[in-house]
Amino acid sequence: MRSSSGPSNGARKVNTAPVSVSVGHTASAGSVGTDAPGASIVVTGASGSGKTTYCQQVIAAAKAARWRIAGILSPPRFEHGRKTGIFAVDLASGTTRLLASCLPDEISGMRFGKWGFDADALAWGNRLLLNLPACDLLVVDEIGPMEFDLQQGWPACFDAIL
């Protein structure tokens, strides 16, 4: 899957590495039906490969089917065609926070690679994941080395998805 062309204020480099979808049944972005209650879908891929875009498509299909949706989506922020930030969106309420930035001095929190992470946004997201409303679709966009290796980032995601 390719990611979108990006904002109109500049061209965006698109990573053409494939997105991998691992499911216990057949699933696609346009079809949210499942024959397995509690089934999990794991979407993996390199940075820029379209994981968040795929999640957005699944969320749109779930909304069209009137599913209750909860969790966190982490769409990027682009400036002049360059990814400069990551938002965290509460899918139940629509509340959006700036989670991370690679711009110098924008966020003074924890550093991971080129990214500075806002400690308050991380705490907010973890509280959200520990207090999820009833839902038909739970999305946790962005689980990676911070969670698996460092037990930082969204560690509450493990309780939410297990």
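Analysis parameters
- Residues numbered from 1 in each chain as written.
- Predicted model: local features only at pLDDT ≥ 70, side-chain atom pairs only at ≥ 80, totals over all residues.
- Heavy atoms only, no water.
- Helix = DSSP H or I, 4+ residues; strand = E, 2+ residues; numbered from the N terminus.
- Buried < 20%, exposed > 50% of the residue type's maximum accessible area, 1.4 Å probe, protein only.
- Contact = heavy atoms within 4.5 Å.
- Areas by Shrake-Rupley, 256 points an atom, 1.4 Å probe, with all protein chains shown as cover.
- Salt bridge = Lys/Arg side-chain N within 4 Å of Asp/Glu carboxyl O.
- Pairing = 2+ DSSP bridges.
- Core = buried A, V, L, I, M, F, W, Y, C linked by side-chain atoms within 4.5 Å.

S.K.: Tell me about the overall build of the chain, and name the residues and values.
M.R.: Assigned secondary structure in the chain consists of four helices and nine strands. N-terminal to C-terminal, the α/β element order of the chain is β-β-α-β-β-β-β-β-β-α-β-α-α. For the chain, buried positions account for 38% of its 162 residues. Excluding contacts between residues fewer than 6 apart, the proportion of contacts in the chain whose partners are at least 24 apart in sequence is 47%. For the chain, the accessible surface area stands at approximately 9000 Å², while carbon and sulfur atoms represent 53% of it.

S.K.: Talk me through the pattern of salt bridges; I want residue IDs and the actual numbers.
M.R.: Counted by the stated rule, this structure contains three salt bridges. Note that R77 and E106 form a salt bridge whose closest N and O atoms lie 2.7 Å from each other. In this pair, R77 is assigned in strand β4 (residues 76-79) and E106 in the loop between β6 (96-101) and β7 (110-112), connecting sequence segments 29 residues apart. For R77, a relative accessible area of 13% gives the class buried.

S.K.: An account of the pairing of β4 is requested, with residue identities and associated values reported.
M.R.: Two strands pair when backbone bridges link them, and β4 and strand β5 (residues 82-90) are joined in this way by four bridges, in the antiparallel orientation. Bridge pairing in β5 places P76 opposite I86. Counting the residues between successive antiparallel strands, the hairpin from β4 to β5 contains two residues, one of them, H80, with a positive phi of roughly 55 degrees.

S.K.: Quick rundown of the nonpolar core? Include the residues and the values.
M.R.: Judged by nonpolar contacts, the single largest core of 19 residues is most densely connected at L99, F117, L129 and W154. Elements that contribute at least two residues to this core include exactly β5, β6, β8 (115-117), α2 (119-130) and α4 (157-161). Per element, the largest residue contribution to this core is five residues, and it comes from α2. Of all hydrophobic cores here, the second largest spans eleven residues; its members include Y54, I59, L91 and L137.

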